[in-house]
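Geometric and topological summary
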Amino acid sequence: MHFKLAELQTEIELLRSLIYRAAEAMIAGADMTQLATMAKLKAGKLGRELPSACLQYWGGMGFMNETPVSRAFRDHRIDSIAGGAEEVMLTILCKGMGTLPGMGQ
Ligand SMILES: Cc1cc2nc3c(=O)[nH]c(=O)nc-3n(C[C@H](O)[C@H](O)[C@H](O)COP(=O)(O)OP(=O)(O)OC[C@H]3O[C@@H](n4cnc5c(N)ncnc54)[C@H](O)[C@@H]3O)c2cc1C
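My aim in this report is to walk through the structure given alongside it, one point at a time. Since the structure is predicted, the reported quantities are computational estimates derived from the model, not experimental observations.

Here is what the cut-offs are and how they apply
- Residues numbered from 1 in each chain as written.
- Predicted model: local features only at pLDDT ≥ 70, side-chain atom pairs only at ≥ 80, totals over all residues.
- Heavy atoms only, no water.
- Helix = DSSP H or I, 4+ residues; strand = E, 2+ residues; numbered from the N terminus.
- Expected span 1.5 Å × (residues − 1).
- Buried < 20%, exposed > 50% of the residue type's maximum accessible area, 1.4 Å probe, protein only.
- Arc of directions from axis to C-beta.
- Contact = heavy atoms within 4.5 Å.
- Near = heavy atom within 4 Å.
- Polar contact = N/O pair within 3.5 Å; in protein donor to acceptor, adjacent residues only side chain to side chain.
- Areas by Shrake-Rupley, 256 points an atom, 1.4 Å probe, with all protein chains shown as cover.
- Nonpolar A, V, L, I, M, F, W, Y, C, P; charged D, E, K, R; others polar.

1. Description of helix 5 (residues 86-97)
The end-to-end C-alpha distance of helix 5, which contains 12 residues, comes to 17 Å, matching closely the 16 Å that a straight helix rising 1.5 Å per residue would cover. Turning to helix 5, its buried residues are Glu86, Met89 and Leu93. The buried residues of helix 5 occupy an angular sector of 60° when the element is viewed end-on, so they sit on one face. Across helix 5 from its buried face, at more than 90 degrees, point the exposed residues Glu87 and Lys95. Where the residues of helix 5 are buried, they touch helix 2 (33-58). One or two positions beyond helix 5, positive phi appears at Gly98, with a value near 70°.

2. Description of the site of the ligand
With respect to spatial proximity, the complete set of residues near the ligand consists of Ile78, Ile81, Ala82, Gly83, Ala85, Glu87 and Val88. Gly83 places a main-chain nitrogen or oxygen 3.2 Å from an oxygen atom of the ligand. At 2.9 Å from an oxygen atom of the ligand is found a side-chain nitrogen or oxygen belonging to Glu87. Protein contacts shield 27% of the accessible area of the ligand, which totals 960 Å² for the unbound molecule. Of the residues belonging to the shell around the ligand, the class tally is five nonpolar, one polar and one charged.

The following block contains the structure:
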């Protein structure tokens, strides 16, 4: 359990660093579309993985409405949908990388 929590903390810090890089690029007036899109994609994925792992530690109680982890599990599911679904983020990234099928033909 403590190994998994250490890995999740590492993921959070990686995401935080990415967000800071995107913010720095925006302040500098650079195009930060790719970095911001990667951050949104990763935040959605972490928003699923993290509460799911924590809910597992709580067992059956984690599933009950009165535990905050249950709320986090449900609420963070929207992060991969609202404000642009995960697939839309991937489309933007592929466009930026020039790898979207049909581009450049
Ligand atoms: C609680 C809540 C609050 C919201 N608040 C706001 C708000 O304040 N302002 C606002 O403008 N909107 C808001 N929305 C709407 C939100 O932005 C949309 O739900 C979101 O853009 C996804 O659109 P959709 O629900 O129509 O799903 P759809 O566009 O129908 O997508 C359904 C699924 O299809 C897939 N998909 C979609 N497009 C593609 C694609 N191009 N390629 C491949 N797969 C794809 C994805 O898996 C996606 O999850 C809110 C939604 C919720 C649930």
